[in-house]
There are 2 protein chains.
Amino acid sequence: MSIFFDDFQVGQIFVSPGRTFTEAEIISFAHSYDPQSMHLDRVSSEQGQFKGLIASGFHTLNIAWWLFLRLGIVEQSMKIGIGIDELRWNRPVRPGDTLTLTVEIADKSITSAEDCGRIYFAHTLKNEDLEVVMTYRSLNLIWREGFSGKSRDSQE
Amino acid sequence: MSIFFDDFQVGQIFVSPGRTFTEAEIISFAHSYDPQSMHLDRVSSEQGQFKGLIASGFHTLNIAWWLFLRLGIVEQSMKIGIGIDELRWNRPVRPGDTLTLTVEIADKSITSAEDCGRIYFAHTLKNEDLEVVMTYRSLNLIWREGFSGKSRDSQE
């Protein structure tokens with residue numbers, strides 16, 4: 001169900017399945033990339049500002065991206081990521097939380113290259129109580145049909 | 001050498017040690033969070049637009065954050081992350097690249113809370129050829145001295 005640049009419509013909305021954060025995963029990620037006690041240490045975090053472990057915001061971002069890829073809409077059409085804008089961590093994510101991603105096509109524009117266009121995806125991540133835990137926009141180059149990395153002959 | 005809100009000065013610059021990206025780490029990260037062939041598959045990526053494996057941009061962001069924490073400047077003074085602005089992936093990161101982070105205090109402002117202030121950190125990640133591979137700004141709440149999570153008695 002991959003969608004190419006010309007077929008994305010501004011305003012289209014896609015909703016992912018859920019994914020549950022486990023304590024083991026939160027601690028393991030923090031150990032590798034964000035070793036702060038609020039993400040790592042169950043005992044000291046109980047005394048801290050959040051009264052318990054919370055996931056690294058970077059971990060939450062990675063999971064949101066994974067949920068985006070799970071949608072399958074850019075499986076053959078993703079050329080590359082340009083950047084991220086206006087990321088906000090609105091609420092803590094805790095062990096046991098189940099997160100779901102909603103993605104809206106916020107904007108699209110052609111580029112000087114004929115093989116792809118630019119799309120702004122607006123990502124909203126919610127927990128099981130439908131509270132928004134994170135929002136961001138990703139700016140990506142999306143192949144036009146026939147120019148995808150999967151059909152190299154037509155591209156080079 | 002933790003620095004608290006009042007002691008950060010706009011324009012201050014900090015430079016991290018380097019960290020080398022390995023192919024194993026790039027593939028392992030991609031498998032968990034960004035399973036696209038340009039990050040996962042050495043064979044097909046040779047035929048792709050980058051002529052070889054490149055690191056996930058999210059992986060690069062996580063390593064940049066790890067390098068930031070390695071500086072030690074917010075070890076006791078980080079209250080929480082609010083968000084990220086204007087992230088741009090300027091160049092691909094490849095296996096064997098060694099990245100170094102430069103962080104500048106871009107802006108600081110007080111909040112309505114007396115225990116912390118808001119700091120914009122401007123992060124620039126460069127490879128061993130001093131080419132910029134990624135830039136972003138992080139917006140964080142930074143404890144004032146005496147209110148840190150490490151000295152709970154004075155806070156609660």
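Residues numbered from 1 in each chain as written. Chains lettered and ligands numbered in written order. Predicted model: local features only at pLDDT ≥ 70, side-chain atom pairs only at ≥ 80, totals over all residues.

**Looking at the pairing of strand β2 (residues 78-89) of chain A**
Logical step 1: By the bridge criterion, eight bridges tie β2 of chain A to strand β5 (residues 132-143) of chain A in an arrangement that is antiparallel. Of the residues in β5 of chain A, the one forming a bridge with I80 of chain A is L141 of chain A.
Logical step 2: Two elements, β2 of chain A and strand β2 (residues 78-89) of chain B, share four bridges in a ladder whose sense is antiparallel. Following the sheet pairing, I84 of chain A is matched in β2 of chain B by L87 of chain B. (Pairing = 2+ DSSP bridges. Helix = DSSP H or I, 4+ residues; strand = E, 2+ residues; numbered from the N terminus.)

**Considerations on the interface of chain A and chain B**
The figure often quoted for interface size is the accessible area lost as the parts come together.
Logical step 1: Taken together, the contact pairs 26 residues of chain A with 26 residues of chain B.
Logical step 2: Residue assignment for the side of chain A that touches chain B shows that the elements contributing at least two residues are α4 (57-70) and β2 of chain A.
Logical step 3: Within the side of chain A that touches chain B, the residues separate by chemical class into twelve nonpolar, nine polar and five charged. (Contact = placed C-beta atoms within 7 Å. Nonpolar A, V, L, I, M, F, W, Y, C, P; charged D, E, K, R; others polar.)

**Topic: the relation of the copies chain A and chain B**
Logical step 1: Screw-axis analysis of chain A against chain B gives a translation of 0.0 Å along the axis, an RMSD of 0.0 Å, and a rotation angle of 180°. Such a combination of rotation and displacement between the chain copies is what one expects of a two-fold axis. Measuring from the rotation axis to each C-alpha of chain A, the shortest distance belongs to D85 of chain A, at 2.5 Å.
Logical step 2: When the interface residues of chain A are mapped onto chain B, 100% of them are again interface residues, pointing to one common binding face. (Least-squares fit on C-alpha atoms with pLDDT ≥ 70 in both.)

**Some remarks on unusual backbone geometry**
All names here are of chain A.
Logical step 1: Positioned with a positive phi, E86 is a non-glycine residue whose angle comes to about 55°.
Logical step 2: Judged by the 13 C-beta atoms lying within 10 Å of it, E86 falls in the partly exposed class.
Logical step 3: Here L130, not a glycine, exhibits a phi torsion of approximately 65°, which is positive.
Logical step 4: Of the residues examined, L130 has 7 C-beta atoms within 10 Å and is grouped as exposed. (Buried ≥ 20, exposed ≤ 12 C-beta atoms within 10 Å, placed from the backbone.)

**Considerations on the nonpolar core**
Logical step 1: In this structure, A64 of chain A together with A64 of chain B are the most contacted members of the largest nonpolar core, which totals 76 residues.
Logical step 2: Those residues in contact with A64 of chain B that sit more than four places away from it in its chain are L101, H123, L125 and M134 of chain B. (Core = buried A, V, L, I, M, F, W, Y, C linked by C-beta atoms within 7 Å.)

**Some details on helix α1 (residues 23-33) of chain B**
Logical step 1: Every buried residue of α1 of chain B is listed here: I26, F29, A30 and Y33 of chain B. In an axial view of α1 of chain B, the angular spread of the buried residues amounts to 100°, which keeps them on one side of the axis. Every exposed residue of α1 of chain B that faces more than 90 degrees away from the buried side is listed here: A24 and H31 of chain B.
Logical step 2: On its buried face, α1 of chain B sits against α4 of chain A together with α2 (37-40) and α4 (57-70) of chain B. (Arc of directions from axis to C-beta.)

**Description of α4 of chain A**
All names here are of chain A.
Logical step 1: Counted at 1.5 Å a residue, the expected span for α4 with its 14 residues is 20 Å, and the 20 Å between its end C-alpha atoms agrees.
Logical step 2: Within α4, eleven of the 14 residues are buried, which leaves it mostly tucked inside the rest of the structure.
Logical step 3: Buried residues of α4: G57, F58, H59, T60, L61, N62, I63, A64, W65, L67 and F68, and no others.
Logical step 4: Looking one or two residues past α4, G72 carries a phi angle of roughly 85°, positive in sign. (Expected span 1.5 Å × (residues − 1).)

**Points about the confidence of the model for chain A**
Residue and element names in this part refer to chain A.
Logical step 1: Model confidence for chain A is summarised by a mean pLDDT of 93, while 95% of its residues fall at 70 or above.
Logical step 2: Below pLDDT 50 for its whole length, residues 151-156 participates in six contacts with residues either more than four positions away or in separate chains.
Logical step 3: Taken over the whole predicted complex, pTM reads 0.94, whereas the ipTM for its chain interfaces reads 0.93. (pLDDT = per-residue confidence, 0-100.)

**Observations regarding the packing of α4 of chain A against α4 of chain B**
Logical step 1: Direction vectors running N to C along α4 of chain A and α4 of chain B enclose 180°, while the axes themselves pass 11 Å from each other. In terms of orientation, α4 of chain A and α4 of chain B fall into the roughly antiparallel class. Together, F58, L61, N62 and W65 of chain A of α4 of chain A and F58, L61, N62 and W65 of chain B of α4 of chain B make up the contact between the two elements.
Logical step 2: A breakdown of the residues in the contact of α4 of chain A with α4 of chain B according to their chemical character gives six nonpolar, two polar and no charged. (Axes fitted to C-alpha atoms, helices over the stretch in contact; angles between N-to-C directions. Parallel < 35°, antiparallel > 145°, perpendicular 65-115°, else oblique.)

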